[in-house]
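Given next are the chains, with one letter for each unit.
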Amino acid sequence: MTAGLAAKGTTVKLVVSRGDLRAPIEIAKDVQFANPWGDAFVHSWIPIPAPPSERKRYRVDFYEELGNRETKMMYVVEYVPSPFGRGAIHLPGRGEDHYRLNVSTIFREGHDGQWFTASDDWERVVGSRVSGR
């Protein structure tokens, strides 16, 4: 992690909810790659088509430890696993839930409201927890 990312916050927990989960899944190990100020949770910042609507959709909350040791939810994405490889991550767009939270953390001009392919790290840490559900 670069010094700039560390100064903004460190991802300490991801919370996965909705989909077919009875209770949210908290992931606190090996989640630093999912820092919202970085790019490691998305494979490529090239938009992809939205996944089919019948696929299970999960909400993933990013919790960051800030410089004052405070832990705070700072970012939210939607995740749709794929049975054929990497799943898809949606960044909320203008007018969608959590858009204001996300852009108050980082504004990703041209990316908000789009779907992107999940990274290998995302699939290893998040995708592995929801696959087969």
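Residues numbered from 1 in each chain as written. Predicted model: local features only at pLDDT ≥ 70, side-chain atom pairs only at ≥ 80, totals over all residues. Heavy atoms only, no water.

**Student:** For this particular structure, what's the right way to read the overall build of the protein chain?
**Tutor:** A count of helices and strands for the protein chain gives three helices and six strands. Along its sequence from the N terminus, the protein chain presents helices and strands in the succession α-β-β-β-β-β-α-β-α. At 14 Å, the protein chain has a C-alpha radius of gyration in line with the 14 Å of a compact globule built from 133 residues. Oriented by its inertia axes, the alpha-carbon framework of the protein chain measures out at about 40 × 30 × 25 Å. For the protein chain, the residues scored as buried account for 44% of the 133 residues in total. Accessible surface for the protein chain amounts to roughly 7,200 Å². Of this, 49% is attributable to carbon and sulfur atoms. Taken as two groups, the 18 positive and 17 negative side-chain charges of the protein chain have centres that lie 3 Å from each other. (Helix = DSSP H or I, 4+ residues; strand = E, 2+ residues; numbered from the N terminus. Rg over C-alpha atoms; globule rule 2.2 N^0.38 Å. Buried < 20%, exposed > 50% of the residue type's maximum accessible area, 1.4 Å probe, protein only. Areas by Shrake-Rupley, 256 points an atom, 1.4 Å probe, with all protein chains shown as cover. Lys, Arg positive; Asp, Glu negative; His and termini not counted. Charge placed at Lys NZ, Arg CZ, Asp CG, Glu CD.)

**Student:** Please explain the pattern of salt bridges as it appears in this structure.
**Tutor:** Opposite charge on two side chains allows them to pair when their charged atoms are near. For the coordinates displayed, the defined rule picks out nine salt bridges. The residue Arg124 makes a salt bridge to Asp30 at a minimum N-O spacing of 2.3 Å. Of this pair, Arg124 sits in helix α3 (residues 120-130) while Asp30 sits in the loop between β2 (25-27) and β3 (58-65), and the two are 94 residues apart along the sequence. With relative accessibility at 42%, the residue Arg124 sits in the partly exposed group. Taking relative accessible area as the criterion, Asp30 reaches 36% and is therefore assigned partly exposed. Across the pair Arg86 and Asp120 runs a salt bridge whose closest N-O atoms are separated by 2.7 Å. (Salt bridge = Lys/Arg side-chain N within 4 Å of Asp/Glu carboxyl O.)

**Student:** What am I meant to see in the environment of Ala118 here?
**Tutor:** As for its placement among the helices and strands, Ala118 is situated in the loop between β6 (115-117) and α3. Taking the C-alpha atoms as reference, Ala118 lies 14 Å from Arg129; in sequence the two are eleven residues apart. Residues within four places of Ala118 in sequence aside, it is in contact with Phe41, Val42, His43, Tyr79, Arg86, Gly87, Ala88, Ile89 and Glu123. (Contact = heavy atoms within 4.5 Å.)

**Student:** Would you take a moment to explain the environment of Ile89 for this structure?
**Tutor:** Relative to the assigned elements, Ile89 resides in strand β5 (residues 85-90). When its relative accessible area of 0% is taken as the criterion, Ile89 is described as buried. Spatially, the C-alpha atom of Ile89 lies 21 Å from that of Gly9, the residues being 80 residues apart in sequence. If we ignore the near neighbours within four places in the chain, the residues touching Ile89 are Phe41, Val42, Val77, Glu78, Tyr79, Gln114, Trp115, Phe116, Ala118 and Trp122.

**Student:** What is the right way to look at the nonpolar core in this model?
**Tutor:** One recurring pattern in soluble globular proteins: nonpolar side chains tend to sit buried together. Formed by 27 residues in total, the largest nonpolar core has its most connected members in Phe41 and Trp122. At the level of elements, β1 (10-18), β2, β3, β4 (71-82) and α3 are the ones that each hand at least two residues to this core. (Core = buried A, V, L, I, M, F, W, Y, C linked by side-chain atoms within 4.5 Å.)

**Student:** Please explain the sheet that holds β1 as it appears in this structure.
**Tutor:** The strands that make up a sheet are held in pairs by hydrogen bonds between backbone atoms, and each pair lies either parallel or antiparallel. Strand order in the open sheet formed by six strands is β2-β1-β3-β4-β5-β6, and the pairing between neighbours is antiparallel. Looking at which strands have only one partner, the edges of the open sheet turn out to be β2 and β6. Direction aside, neighbouring strands of the sheet carry axes that sit 30° apart on average. Sheet topology places β4 next to β5; four bridges connect them, and they run antiparallel. Note that in β5 the partner of Val80 across the bridge is Ala88. Lying over the sheet, α3 contacts β1, β2, β3, β4 and β5, oriented at roughly 80° with respect to β4. (Pairing = 2+ DSSP bridges. Axes fitted to C-alpha atoms, helices over the stretch in contact; angles between N-to-C directions.)

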